[in-house]
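Summary of structural features
Read off the chains here:
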Amino acid sequence: MDKPQVLIVMGSDSDVPIMEEVAKVLDQFGIAWEMRIASAHRSPKKAAALASGAAGRGVKVIVAGAGMAAHLAGVIAADTILPVIAVPIPGGALNGLDALYAMVQMPGGIPVATMAIGKAGAKNAGLLAVQIIALGEPALSARLHGYKEAMAEEVEAKDRALQQRSPVA
């Protein structure tokens, strides 16, 4: 198995259905990943060890998902110089809004790229990880261009189908 280039970390096993969206995107682009559970509050030493040891294992990007108080991405970012992408997990009394605020309001000096709440945010986190890795890999960059072109072609096909159904004014 290839060394993971992306470390996917989440605070709880209940976060797996959301964070699997990150893995799906990485699989689509052939990027090796590792998925782990570590809590900023219940296992802070494990979270710090995962963060501080990631670069030495060949990881290039870390994606951290958490809900509610959502300090995982910040704890991870404090212990690494790798890019950290945060995914707010929906749930709790505020359905993920609290997680979003906790992730996006990081203090100066501890950057965390924060995505949207839920599965769309997880998918975008995967794509952002691919874009970061593609900066040093021309073949991967070309695949990303192809991905975006395919999205545009899909929209055009849907528009053509709609125009064939719509009456002409």
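Since the structure is predicted, the reported quantities are computational estimates derived from the model, not experimental observations.

1. Here's the deal with the UniProt feature "binding site: substrate" (unreviewed entry) in the protein
- Residues annotated in UniProt with the feature "binding site: substrate" (unreviewed entry) correspond here to Ser12, Asp15 and Arg42.
- Turning to its location among the elements, Ser12 is positioned in the loop between strand 1 (6–10) and helix 1 (16–28).
- At 3.4 Å, the side chain of Ser12 and the side chain of Asp13 are in polar contact.
- Along the chain, Asp15 falls in the loop between strand 1 and helix 1.
- Excluding its chain neighbours within four sequence positions, the residues that come into contact with Asp15 are Met10, Gly65, Ala66 and Ile89.

2. Quick look at the pairing of strand 4 (residues 84–89)
- Judged by how many residues are buried, strand 4 sits mostly within the fold: six of six residues are covered.
- Going residue by residue along strand 4, you find Val84, Ala86 and Pro88 tucked away on one face and Ile85, Val87 and Ile89 tucked away on the opposite face as well.
- Direction of pairing for strand 3 (residues 61–67) relative to strand 4: parallel, over a ladder of six bridges. Residue pairing for strand 4: Val63 is matched across the bridge by Ile85.
- By the bridge criterion, two bridges tie strand 4 to strand 5 (residues 113–114) in an arrangement that is parallel. When the bridges of strand 5 are listed, Ile85 appears paired with Ala113.
- Following the backbone out of strand 4, through helix 4 (residues 97–104) and into the adjacent parallel strand 5, one traces a crossover that is right-handed.

About the cut-offs
- Residues numbered from 1 in each chain as written.
- Predicted model: local features only at pLDDT ≥ 70, side-chain atom pairs only at ≥ 80, totals over all residues.
- Heavy atoms only, no water.
- UniProt positions renumbered as here; feature names shortened; annotations may be inferred.
- Helix = DSSP H or I, 4+ residues; strand = E, 2+ residues; numbered from the N terminus.
- Polar contact = N/O pair within 3.5 Å; in protein donor to acceptor, adjacent residues only side chain to side chain.
- Contact = heavy atoms within 4.5 Å.
- Buried < 20%, exposed > 50% of the residue type's maximum accessible area, 1.4 Å probe, protein only.
- Pairing = 2+ DSSP bridges.
- Right-handed = clockwise from strand over helix to strand, strands pointing away.

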